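In case you want the letters, here they are:
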Amino acid sequence: MELRTERLLLRRWRESDREPFAAMNSDPEVMHHFPAPSTRQESDAFIDRIEAGFDIWGFGLWAVEVPGVAEFIGFTGIWPVGFDAHFTPAIEVGWRLARAGWGRGYATEAARAALEFGFEQAGLEEIVSFTIPANVRSTAVMERLGMTHDPTDDFDHPNLPADSPLGRHVLYRKRADAIDRL
Ligand SMILES: CC(C)(COP(=O)(O)OP(=O)(O)OC[C@H]1O[C@@H](n2cnc3c(N)ncnc32)[C@H](O)[C@@H]1OP(=O)(O)O)[C@@H](O)C(=O)NCCC(=O)NCCS
């Protein structure tokens, strides 16, 4: 199952994505707001989990291609939140692009298609997104998507130590009935 936008193809993963995905996940700038860059093995295991998820849910984190320009620039998609918090169970929208893909509007364009799929095809009522406040590139994508932030929703990520500087997260939400503001 694929999604197309004006400039992008969101598709299932290919073996040939593994190398550029691992390169992206080992780039300290891309992984700046994460606890650590990933090893090749972790990166490969992530693709395996993503692909298994597509088979279960019918959606997931799509590999993003710019047809005729770049076969793989990263991922964008929707995915069940994998931990317990005050807003779970929930489906999140997320993105990670190689640096060469930044600053072109690709993340926002891909995420619009993922949200549309989530609301219109998967029948979701709400989709959330979260990150640390310092990740302003990511919160800017959330705001461009018309997602809203209520500070009382902010939370400490349960998988990080209480004193971690990466622990505090902002939560953004978008409801299906707000899709006209995509
Ligand atoms: C988060 C991330 C995907 C955002 O990428 P991004 O390039 O800033 O976001 P977009 O793809 O929406 O692009 C928007 C930018 O492209 C510019 N742009 C250029 N051409 C454009 C076009 N044709 N259409 C729309 N925007 C365009 C916009 O003006 C904007 O620039 P600005 O950031 O200077 O304001 C990227 O920084 C990333 O992969 N980070 C690392 C991983 C990560 O942290 N993921 C999120 C974890 S929660």
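Residues numbered from 1 in each chain as written. Predicted model: local features only at pLDDT ≥ 70, side-chain atom pairs only at ≥ 80, totals over all residues. Heavy atoms only, no water.

Peer 1: For this particular structure, what's the right way to read the site of the ligand?
Peer 2: Around the ligand lies a shell of 20 residues, among which Leu97, Gly103, Ala107, Thr108 and Arg137 are the nearest. Within the backbone of Gly103, an N or O atom sits 2.6 Å from an oxygen atom of the ligand. Considering the ligand on its own, with 950 Å² of exposed area, one finds that the protein chains cover 68% of that surface. Counting residues per element, the ones that place at least two in the shell around the ligand are strand E5 (91-97), helix H3 (106-121), strand E6 (126-131) and helix H4 (136-144). Top contributing element to the shell around the ligand by residue count: H4, with 4 residues. (Near = heavy atom within 4 Å. Polar contact = N/O pair within 3.5 Å; in protein donor to acceptor, adjacent residues only side chain to side chain. Areas by Shrake-Rupley, 256 points an atom, 1.4 Å probe, with all protein chains shown as cover. Helix = DSSP H or I, 4+ residues; strand = E, 2+ residues; numbered from the N terminus.)

Peer 1: Help me out: how do you make sense of the pattern of salt bridges in this one?
Peer 2: Oppositely charged side chains can form a pair if their charged atoms are brought close together. Counted under the stated rule, the structure contains 18 salt bridges. Here Glu2 and Arg4 are joined by a salt bridge, their closest N and O atoms 3.6 Å apart. You can call Glu2 partly exposed: its relative accessible area is 45%. When its relative accessible area of 62% is taken as the criterion, Arg4 is described as exposed. (Salt bridge = Lys/Arg side-chain N within 4 Å of Asp/Glu carboxyl O. Buried < 20%, exposed > 50% of the residue type's maximum accessible area, 1.4 Å probe, protein only.)

Peer 1: Honestly, the environment of Ala70 in this entry has me stumped. Any pointers?
Peer 2: Tracing the chain through its elements places Ala70 in strand E4 (residues 70-80). Accessibility expressed as a relative area gives 22% for Ala70, which makes it partly exposed. For the pair Ala70 and Ala100, spaced 30 residues apart in the sequence, the C-alpha separation amounts to 10.0 Å.

So far we have only geometry, and geometry alone does not tell us how the molecule works.
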